[in-house]
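Listed below, chain by chain, are the residues.
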Amino acid sequence: DQTPWRLERKTAALLAYLALEGATTRSVMAGLLWPDSLETTARGNLRQLLRRLRDGAGADLIAGDDPLFLTDEVSVDAVQLELSAFAGDDAAVLGSAGELLEGMDFEDCTELTDWLLVKREMLGGLQVAALERLTDMCQKNGDLRAALLHAEKLLELDAVSEVAHRRVMRLHYLNGDRGAALRAYQRCHKVLMRELGVAPLAETS
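Just so we're clear, the structure is a prediction, and the values are computed from it rather than from any experiment.

Cut-off values and rules
Residues numbered from 1 in each chain as written. Predicted model: local features only at pLDDT ≥ 70, side-chain atom pairs only at ≥ 80, totals over all residues. Heavy atoms only, no water. Helix = DSSP H or I, 4+ residues; strand = E, 2+ residues; numbered from the N terminus. Patch = residues over 30% accessible without salt bridge, like charges linked within 9 Å, V, L, I, M, F, W, Y side chains within 5 Å. Areas by Shrake-Rupley, 256 points an atom, 1.4 Å probe, with all protein chains shown as cover. Salt bridge = Lys/Arg side-chain N within 4 Å of Asp/Glu carboxyl O. Lys, Arg positive; Asp, Glu negative; His and termini not counted. Charge placed at Lys NZ, Arg CZ, Asp CG, Glu CD. Axes fitted to C-alpha atoms, helices over the stretch in contact; angles between N-to-C directions. Parallel < 35°, antiparallel > 145°, perpendicular 65-115°, else oblique. Contact = heavy atoms within 4.5 Å. Nonpolar A, V, L, I, M, F, W, Y, C, P; charged D, E, K, R; others polar. Polar contact = N/O pair within 3.5 Å; in protein donor to acceptor, adjacent residues only side chain to side chain. Buried < 20%, exposed > 50% of the residue type's maximum accessible area, 1.4 Å probe, protein only.

S.K.: Please explain unusual backbone geometry as it appears in this structure.
M.R.: If a residue is not glycine, its phi is most likely negative; likewise, a peptide bond is most likely trans. Of note, the bond from D66 into P67 is cis; its omega dihedral lies within 30 degrees of zero at 15°. By secondary structure assignment, the location of P67 is in the loop between β1 (62-63) and β2 (69-70).

Here it is, written out as structure tokens:
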């Protein structure tokens, strides 16, 4: 979202949901944002939120009466990431920074929280897939240095992925650095024990 002001968390959630799910009825949105309120109260809260958004933006970002949907003027980076992935533009996918609604807490909205977790995992998966393709391409072309850089970024996205750890170990070995490969294994062992309380799989060892 390119708006210059700080969005309140439920306003941000509304925009994100409409951006990724498309047209949505007021009843559904009100229920997601105010699950513990009576429907009349929740719909009233939604009307106030829409009014504050319109006044703060100085323009209508949301169109439609019921259902609601985003206007064509709204550009959403998460949507662009999905489109880039569909088009096979890995560079554009990896150019997307940050997590969907990063730093925002929706513990009071259980269903919204579940939706957000699924979407974060899906968008993160697109970035992982792009990095895996770039890692494999660099390795195939003999550019092991670049392949290692991409493989390390995979670990940043998922520090407990043994597949990612094995990639790093293998690339160090192929690069002729057995010591670095062993250190990569030791790091894998340490992370898995600390985070999950388990040792690496036999395949990794």
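S.K.: Sorry if this is basic, but what is going on with a positive patch on the surface here?
M.R.: A contiguous patch of positive charge on the surface is contributed by R47, R51, R52 and R54. Relative to the helices and strands, R47 is located in helix α3 (residues 39-57).

S.K.: Just to check I follow, could you spell out the packing of helix α1 (residues 9-21) against α3 for this structure?
M.R.: When two helices pack together, their arrangement is given by the angle between the helix axes and by the axis-to-axis distance. Interhelical geometry of α1 versus α3 gives an angle of 90° and a closest axis separation of 10 Å. With respect to α3, the axis of α1 lies roughly perpendicular. Contact residues: K10, T11, L14 and L15 in α1; L46, L49, L50 and L53 in α3. By residue class, the composition of the contact of α1 with α3 is six nonpolar, one polar and one charged.

S.K.: Just checking my understanding: could you explain the side chain of T24 for this structure?
M.R.: Positionally, T24 belongs in the loop between α1 and α2 (26-33). Within the structure, the side chain of T24 is placed 2.9 Å from the backbone oxygen of G22, a separation counted as a polar contact. Not counting the four nearest positions on each side in its chain, T24 is found in contact with Y17, L18, M29, P67 and L68.

S.K.: Before we go on, may I ask you to explain the environment of D60 in this structure?
M.R.: One can find D60 in the loop between α3 and β1. Relative accessible area serves as the criterion here: at 46%, D60 is assigned to the partly exposed category. Taking the C-alpha atoms as reference points, D60 and C188, 128 residues apart in sequence, are found 50 Å from one another. The contact partners of D60, leaving out residues within four places of it in the chain, are R54 and T71.

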